[in-house]
There are 2 protein chains.
Amino acid sequence: MPALEVCLTPELIHLHPPVGKTVVVTDILRATSCMVTALANGVESITPVASVEECQVLQHKGYIAAGERNGVQIDGFDLGNSPLSYLNEAYSGKKVAMTTTNGTLAISRSSGANTILIGAFLNLSSLIDHLSIQTDDLLIVCAGWKGKASFEDTLFAGALVSKLFPIYDTDSDAAVMAREVYEMNQGNLLGAIQKSSHYKRLKDLNIDDDFEFCATIDKFEIVPVLEKGVLVPSHR
Amino acid sequence: MPALEVCLTPELIHLHPPVGKTVVVTDILRATSCMVTALANGVESITPVASVEECQVLQHKGYIAAGERNGVQIDGFDLGNSPLSYLNEAYSGKKVAMTTTNGTLAISRSSGANTILIGAFLNLSSLIDHLSIQTDDLLIVCAGWKGKASFEDTLFAGALVSKLFPIYDTDSDAAVMAREVYEMNQGNLLGAIQKSSHYKRLKDLNIDDDFEFCATIDKFEIVPVLEKGVLVPSHR
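Residues numbered from 1 in each chain as written. Chains lettered and ligands numbered in written order. Predicted model: local features only at pLDDT ≥ 70, side-chain atom pairs only at ≥ 80, totals over all residues. Heavy atoms only, no water.

Asker: I would appreciate a short explanation of the overall build of chain A in the present structure.
Answerer: In terms of helices and strands, chain A carries nine helices and ten strands. In terms of overall size, chain A behaves like a compact globule, its C-alpha atoms giving a radius of gyration of 16 Å where 236 residues would be expected to give roughly 18 Å. Dimensions of chain A along its principal axes, counting C-alpha atoms only, are 45 × 35 × 30 Å. By residue count, 62% of the 236 residues in chain A fall in the buried class. Residue pairs in contact within chain A that sit at least 24 positions apart in sequence constitute 77% of those at least 6 positions apart. A total accessible area of about 9,000 Å² is found for chain A, and carbon and sulfur atoms account for 47% of it. The average position of the 18 basic charges and that of the 28 acidic charges among the side chains of chain A differ by 3 Å. (Helix = DSSP H or I, 4+ residues; strand = E, 2+ residues; numbered from the N terminus. Rg over C-alpha atoms; globule rule 2.2 N^0.38 Å. Buried < 20%, exposed > 50% of the residue type's maximum accessible area, 1.4 Å probe, protein only. Contact = heavy atoms within 4.5 Å. Areas by Shrake-Rupley, 256 points an atom, 1.4 Å probe, with all protein chains shown as cover. Lys, Arg positive; Asp, Glu negative; His and termini not counted. Charge placed at Lys NZ, Arg CZ, Asp CG, Glu CD.)

Asker: So what exactly am I meant to see when it comes to the packing of helix α5 (residues 151-164) of chain B against helix α6 (residues 173-185) of chain B here?
Answerer: Two numbers describe a pair of packed helices, the interaxial angle and the distance between the axes. Residues and elements named next belong to chain B. The interhelical angle for the contact between α5 and α6, taken along N-to-C directions, is 95 degrees, at an axis separation of 7 Å. Between α5 and α6, the crossing angle belongs to the class labelled roughly perpendicular. Contact with α5, carried on its side by Phe-151, Thr-154, Leu-155, Ala-157, Gly-158, Ala-159, Val-161, Ser-162 and Lys-163, involves Ala-175, Ala-178, Arg-179, Val-181, Tyr-182, Glu-183 and Asn-185 of α6 and no other residues of that element. Of the residues contributing to the contact of α5 with α6, the split by class is nine nonpolar, four polar and three charged. (Axes fitted to C-alpha atoms, helices over the stretch in contact; angles between N-to-C directions. Parallel < 35°, antiparallel > 145°, perpendicular 65-115°, else oblique. Nonpolar A, V, L, I, M, F, W, Y, C, P; charged D, E, K, R; others polar.)

Asker: How should the relation of the copies chain B and chain A be read in this particular structure?
Answerer: Two chain copies here: they are related by a rotation about an axis and a translation along the same axis. Taken as rigid bodies, chain B and chain A are interconverted by a rotation of 180 degrees and an axial shift of 0.0 Å, the fit giving an RMSD of 0.0 Å. Overall, the copies show the geometry of a two-fold rotation axis. When each C-alpha of chain B is compared by its distance to the rotation axis, Val181(B) comes out closest, at 3.3 Å. In this assembly, 100% of the residues forming the interface of chain B have copies in chain A that are likewise at the interface, indicating an isologous arrangement. (Least-squares fit on C-alpha atoms with pLDDT ≥ 70 in both.)

Asker: Explanation requested: the pairing of strand β1 (residues 4-7) of chain B in the structure shown.
Answerer: Side-chain positions along a regular strand alternate between the two faces of the sheet. All names here are of chain B. Burial along β1 is two-sided: Leu-4 and Val-6 facing one way and Glu-5 and Cys-7 facing the other are all buried. In this sheet, strand β8 (residues 138-142) lies alongside β1 in parallel orientation, the contact comprising four bridges. Along β8, the bridge assignment pairs Leu-4 with Leu-138. (Pairing = 2+ DSSP bridges.)

Asker: Explain the pairing of strand β10 (residues 230-233) of chain A here, please?
Answerer: For strand β9 (residues 224-227) of chain A and β10(A), the ladder comprises four bridges, and the chain directions are antiparallel. Each residue of the ladder has a partner; that of Glu227(A), found in β10(A), is Val230(A).

Asker: Sorry if this is basic, but what is going on with unusual backbone geometry here?
Answerer: Only a minority of non-glycine residues have a phi that is not negative, and only a minority of peptide bonds are not trans. Residue and element names in this part refer to chain A. Following Leu-29, the chain continues into Arg-30 via a peptide bond in cis, with omega recorded as 5 degrees. Here Arg-30 is to be found in the loop between β2 (22-26) and α1 (31-40). Although it is not a glycine, Lys-146 sits at a positive phi angle of roughly 50 degrees. As for its placement among the helices and strands, Lys-146 is situated in the loop between β8 (138-142) and α5 (151-164). Located in the positive-phi region is Lys-228, a residue other than glycine, with phi close to 50 degrees. When you line up the elements, Lys-228 lands in the loop between β9 and β10.

Asker: Explain the side chain of Ser162(A) to me, please; I cannot follow it from the model alone.
Answerer: Residues and elements named next belong to chain A. Secondary-structure assignment places Ser-162 in helix α5. At a separation of 2.8 Å, a polar atom in the side chain of Ser-162 contacts the side chain of Glu-183. In contact with Ser-162, other than residues within four places in its own chain, are Arg-179, Tyr-182 and Glu-183. (Polar contact = N/O pair within 3.5 Å; in protein donor to acceptor, adjacent residues only side chain to side chain.)

Asker: Teacher, can you tell me more about the interface of chain B and chain A here?
Answerer: Where interface size is given, it is often the accessible area lost as the parts come together that is meant. The partner chain A presents 27 residues to the 27 residues of chain B that form the contact. Note on chain B versus chain A: buried area summed over both sides is about 2,300 Å², and carbon and sulfur give 63% of it. It is Asp173(B), Met177(B) and Glu180(B) that lose the most area in chain B upon contact with chain A, and together they represent 27% of the buried surface on that side. Linking chain B with chain A are two salt bridges, by the criterion used here. Where chain B meets chain A, there are ten residue pairs in polar contact (both at pLDDT 80 or more). Looking at the side of chain B that touches chain A, the elements with two or more residues in it are α5 and α6 of chain B. No other element matches α6(B), which puts seven residues into the side of chain B that touches chain A. Looking at the side of chain B that touches chain A residue by residue, the classes come out as nine nonpolar, nine polar and nine charged. (Buried area = accessible area lost by both parts, 1.4 Å probe. Salt bridge = Lys/Arg side-chain N within 4 Å of Asp/Glu carboxyl O.)

Asker: Would you mind going over the environment of Pro10(B) with me for this structure?
Answerer: All names here are of chain B. Mapped onto the secondary structure, Pro-10 falls in the loop between β1 and β2 (22-26). Residues Pro-10 and Glu-54, spaced 44 residues apart in sequence, show a C-alpha to C-alpha distance of 21 Å. Setting aside anything within four residues of it in sequence, one finds Pro-10 in contact with Ala-106, Arg-109, Cys-142 and Ala-143.

Asker: Is there a simple way to think about the confidence of the model for chain A in this case?
Answerer: Close reading of the predicted structure is inappropriate where its pLDDT is low. This prediction gives chain A a mean pLDDT of 96; 100% of its residues lie at or above 70. Reported for the predicted complex are a pTM of 0.96 and an ipTM of 0.95. (pLDDT = per-residue confidence, 0-100.)

Asker: Looking at this structure, I do not really get the packing of aromatic side chains. What am I missing?
Answerer: For any two aromatic rings, the description comes down to two numbers: the centre-to-centre distance and the angle of the planes. Under the defined criterion, the tally for this structure stands at eight aromatic pairs over all chains. Summarising the aromatic geometry, the rings of Phe121(A) and Phe156(A) are spaced 5.2 Å apart at their centres and angled 90 degrees between planes, so their arrangement reads as edge-to-face. Placement of the pair is Phe121(A) in the loop between β7 (115-119) and α4 (124-132) and Phe156(A) in helix α5, with a sequence separation of 35 residues. Aromatic pair Tyr86(B) and Tyr91(B): ring centres 6.1 Å apart, planes at 65 degrees, arrangement edge-to-face. Arg201(A) extends its terminal NZ or CZ atom over the ring of Trp145(A), reaching a point 3.9 Å from the ring centre. (Phe/Tyr/Trp six-rings, centres within 6.5 Å; stacked < 30°, edge-to-face > 60°. Lys NZ or Arg CZ within 6 Å of the ring centre and 35° of its normal.)

Asker: Where do I start with α4(A) in this structure?
Answerer: An α-helix turns once every 3.6 residues. As a result, residues three or four positions apart point the same way. Turning to α4(A), its buried residues are Leu124(A), Ser126(A), Leu127(A), Ile128(A), His130(A) and Leu131(A). Summarising the contacts, the buried residues of α4(A) are in contact with β2, β7, β8 and α5 of chain A.

Asker: When you look at the packing of helix α6 (residues 173-185) of chain A against α6(B) in this model, what are you seeing that I'm missing?
Answerer: In the contact formed by α6(A) and α6(B), the axes pass within 10 Å of each other and the chain directions differ by 75 degrees. Relative to α6(B), the element α6(A) lies roughly perpendicular. Along its contact with α6(A), which presents Met177(A), Glu180(A), Val181(A), Met184(A) and Asn185(A), the element α6(B) presents Met177(B), Glu180(B), Val181(B), Met184(B) and Asn185(B). Within the contact of α6(A) with α6(B), the residues separate by chemical class into six nonpolar, two polar and two charged.

Dropping the structure here:
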């Protein structure tokens, strides 16, 4: 039986070496919710990069530049960090370059993994299906907020643990805690997300529709996978 | 209103600078449970040290040497890490030098705080009383296990958050999560502790009485405080 562990923040990744594992990166508000929505709406690929400058270089090459710092769209970028921007195939066929405060860092810190997948409530069941038929040990990496654990990412990690528990083993206390937080809140995910400090930081930006969208389960049937540094839909 | 935050492991202490705060250090299995029990049973003082060698130096000066590595008593030491050793005033009037895998490290990483207090379920209400009449910001430092968050320490942090919430403010997601884990498990603390990976590591040592003891609320009315590097009962 493969093992499962939860890394509550990229700041603890040295205690959870990704080498040889399948990693699921999650940043519910809002990077991985964006990635799932974009690829489900026809975006050709997403290149996650760490810095604004790298994004700008790709923008000059014709990429759509998307990203935020502290929740706010970066000056000169085409898009911020709202998943709603990608609906109705608005950017179908385009390549996106993306940088965010926490989510893209979580992806870069996961390098060395056998496979890096992207998870959000929006693609929960598709991700569960994918993880139910693979046999590598699983590491769930929560993006958190500037190094600290975040409620909404732990909540999502707990959803994965809750649904995968019969087929994965774990000795990760973080996984047990995440599972309990999810199972206590599964009846009201939006309400749960509103307990997070990230919600309190972002709510003045008037993005209530984003919160509701990011708390929606199974809107899309897609599992983004990192291939040669670029996120594309998995064909598994 | 003072603020409250939870540091899930000493590995994240750089994100929670202790300077100017009151810190509560907790290591339920079993360092802080030992400290509370020892001082409540007449031990004069406890000197927490990081290394086995420092403990041995103090042992040569007449201190009782107590400590463990990976749960097991250190060769040549007088005591391991069982709180039961200190009952019935067995070491009353003695000075103890103590080193443990995680607990003493959590104390040393908290240096710079205004005040460092020691918490366990054994002294929960006394600690709550103490924290109810102080006005510094509060940082709860969980000792964890070798850098990772641990279930039982998070559970205790959650007990503090749950009881202090009306009089402290927080924007710490770790505090919100800890509170939920505690409130979900408060009816069966021993059962909760048995979910932890630490329990699974230690259970082969046949220390079931220790687990039950460490899950007992309010056995002692004492709040250990660090004064000049030495733990003594608070006289507040």
